[in-house]
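# Reading the structure
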Amino acid sequence: MAPPASAAGSPAASAQDATPRADASMAQDQAGGSLPGDPAEAVAAASRPRDAGEPGAAGEPGTAGEPAPSGASGDPAPSGPGSAATPEARPAGVFAKLMATLRRKRPLSLRARLVGMLLILLIVGFSVIGGVTHASMAARLSAQVNDDLRSAVARGQQQLMDANTEPSTLPSWQRNDQTGRNLPQNGTIVGAVFNGAFLAQPSYRDPQSTDAGYVEVSAADQAILLHFATASEGNESASLATVNLSIGTFRFQAVPATVQVRSSTGALGSVETTMIVGVPTAEATRTLATLDVSMVLVSLGGIILIGTLGTVLVSRALRPLARVSAVASAVAEQPLEKGNVDVDVRVAPEDAVPGTEVGNVGAALNSLLDNVDGALDVRARSEARMRRFAADASHELRTPLAAIQGYSELIGATEALSDDGDRSLGRVREQTRRMTELVENLLLLARLDEGRPPAEEPVDLTRLAVDLSRDFTVAAKDHRWKLEFDAEHPVVVTGDEPQLNRVLQNLMSNARKHTSDGTTVTVGVRATPDGQALLTVTDNGEGIDPEFLDKVFDRFARADAARSGAAPTTGLGLSIVKAIVESHGGHISVESEPGRTQFAVRLPLAQSAG
């Protein structure tokens, strides 16, 4: 019987008449073939008419090997501001901003950096090894699938040759030979296309079935395979491709084959067909997926294990550095500004052995501490000599100054002097008084610097404030003096009463000397809830220059004309106040702005007053 001129009744013929076109994406394999897409998409695309000049139209040579666009319907991917390219580029910028924010807010420690670099190297190493292993295994499995495909093609050609002797229009494997001699191998799909239709319907043996017969593929899969066979005619690059069917993924090859068939009258004729043979790739895919999962699990386990061990080892390796840092911190917390400080902290000998990074740092720190300790000793001895000299000089000057003062008084009382002589003698007396006050202040500072503890006796600050306020009200009538205290609850501290009286007197005198006439000076005494006595001297004068505010307690510091009165000063009053307050375990502070200046002294309350 002659080959059928038309196969309109078959599904394949209907699909061919409708110009089917597999519209899903086609992945190029090693032989350069194309991969038809999802069968459902192919069926949907088969019903869509195409223009004659549209790429991919039926009958146009060379189109089967072109990969389809990434859209589901074959349309080109969108571009522009609203395309997918913009969101894909956005995560990199967000990650960079996040990392910059983390670095800015909290710098990473050396241990975190070392462990992080170790993990990064592990991830990169595992990724490279995994990628190379995946590529090698994929190439090996692909080669194995191609070998199976060549074997299947050879068996298919042999089956067609066997069909030449059969008195039938169909090859022998489609007659359900129960012996299995001419049937395809399990899972292999074999078909033959003639004149745009299947001469032999593509069929396969289900590997999961015990039936020795064949099973024809669905109409949708036949449409995809028919398109593949048609596109491969005259296009060698499209003759080998990986095709996604509803029953799985197969590697197909299309080869020309000549089939001789007999008609019902016995006449023998030759038919040029395109034989398509496909072998399943599911086993290779599963093998590759199993390998990938195994590598990922092993890599994750290795990263976690090595990361944990690396953290422990890095922490142990950085312990000497932590000990060196602890020594530096301990030295930094010592009051090096004090006159007599002994820096006796050193890095342990095992952490100061030169030759390693930590050992070099430890040895350098020990050398630095030795130099600092020596410099502090030299400074302490120098300051001790200066204090001794000031104390001795002040003590020795008291006698001649007393003599000058006495002889001045004697001359003024016994001798008749002219007006110029009286004025000159008055200047001598005034300068002698200033000199005596300066010597007394220097002697007091020298004694305070020696660290002598003050006397420990109850001192009623309220009584001192009341007495001094009365004195200044009489002696300094150009100022207004106010007193704020609680008469029912006196504020009592433990200390040296003359020295504490000197503190309040100097503060009030400072307010009188450095403010203009008419200024109101308020003296306040009260107990705070935290068990301290608060003594304040507040005025509403011009204020202290902000640039001078941090130097107000320095020795021989003098304010500028903005807060200086006519009375000359030595610049030692506030430094004496600070030294006395600190020797009593207290603290003094100052706040100043135009119209309000306040000195606040805080002292511990006496135990009985608490």
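An account of the accompanying structure is given in this report. (Residues numbered from 1 in each chain as written. Predicted model: local features only at pLDDT ≥ 70, side-chain atom pairs only at ≥ 80, totals over all residues. Heavy atoms only, no water.)

### Regarding the nonpolar core
The nonpolar side chains of soluble globular proteins are, as a tendency, buried together. Ranked by internal contacts, the top residues of the largest apolar core, which has 43 residues, are Leu 461, Leu 504, Leu 507, Met 508, Val 552, Phe 599 and Val 601. Secondary structure elements with two or more residues in this core: α8 (419-449), α9 (461-475), α10 (497-513), β10 (520-527), β11 (532-539), α12 (573-583), β12 (587-593) and β13 (596-604). Contact partners of Leu 504, with chain neighbours within four places excluded, come to Leu 464, Ala 465, Leu 468, Val 523, Leu 535 and Val 537. Listed in part, the 17 residues of the second largest apolar core include Ile 189, Tyr 204, Phe 228 and Phe 252. (Core = buried A, V, L, I, M, F, W, Y, C linked by side-chain atoms within 4.5 Å. Buried < 20%, exposed > 50% of the residue type's maximum accessible area, 1.4 Å probe, protein only. Helix = DSSP H or I, 4+ residues; strand = E, 2+ residues; numbered from the N terminus. Contact = heavy atoms within 4.5 Å.)

### A look at the packing of helix α7 (residues 357-414) against α8
The contact between α7 and α8 brings their axes to 8 Å, and the two run at 155°. Here α7 lies roughly antiparallel to α8, going by the angle between them. The way α7 lies across α8 gives a crossing that is left-handed. By residue class, the composition of the contact of α7 with α8 is 12 nonpolar, 6 polar and 8 charged. (Axes fitted to C-alpha atoms, helices over the stretch in contact; angles between N-to-C directions. Parallel < 35°, antiparallel > 145°, perpendicular 65-115°, else oblique. Left-handed = near helix turned anticlockwise from the far one by under 90°. Nonpolar A, V, L, I, M, F, W, Y, C, P; charged D, E, K, R; others polar.)

### Remarks on a nonpolar patch on the surface
On the surface, Ile 120, Val 124, Val 128 and Val 132 cluster together into a nonpolar patch covering about 360 Å² of accessible area. With respect to the helices and strands, Ile 120 occurs in helix α4 (residues 110-163). (Patch = residues over 30% accessible without salt bridge, like charges linked within 9 Å, V, L, I, M, F, W, Y side chains within 5 Å. Areas by Shrake-Rupley, 256 points an atom, 1.4 Å probe, with all protein chains shown as cover. Salt bridge = Lys/Arg side-chain N within 4 Å of Asp/Glu carboxyl O.)

### Describing the pattern of salt bridges
Side-chain pairs of opposite charge can arise where the charged atoms are in close proximity. Summed over the entire model, instances satisfying the criterion amount to 10 salt bridges. Ionic pairing is found between Arg 433 and Glu 430, a salt bridge with its closest N-O pair at 2.6 Å. Placement of both Arg 433 and Glu 430 in helix α8 is noted, with a separation of 3 residues, approximately one turn of the helix. Judged by its relative accessible area of 42%, Arg 433 falls in the partly exposed class.

### Some points on the packing of α10 against α12
The N-to-C vectors of α10 and α12 enclose an angle of 145°; their axes lie 9 Å apart at closest approach. Of the two possible hands of crossing, α10 and α12 adopt the one that is left-handed. Judged by residue contacts, Gln 499, Leu 500, Arg 502, Val 503, Asn 506, Leu 507 and Asn 510 of α10 engage Gly 573, Leu 574, Ile 576, Val 577, Ile 580, Val 581 and Ser 583 from α12. Considered class by class, the residues forming the contact of α10 with α12 number 8 nonpolar, 5 polar and 1 charged.

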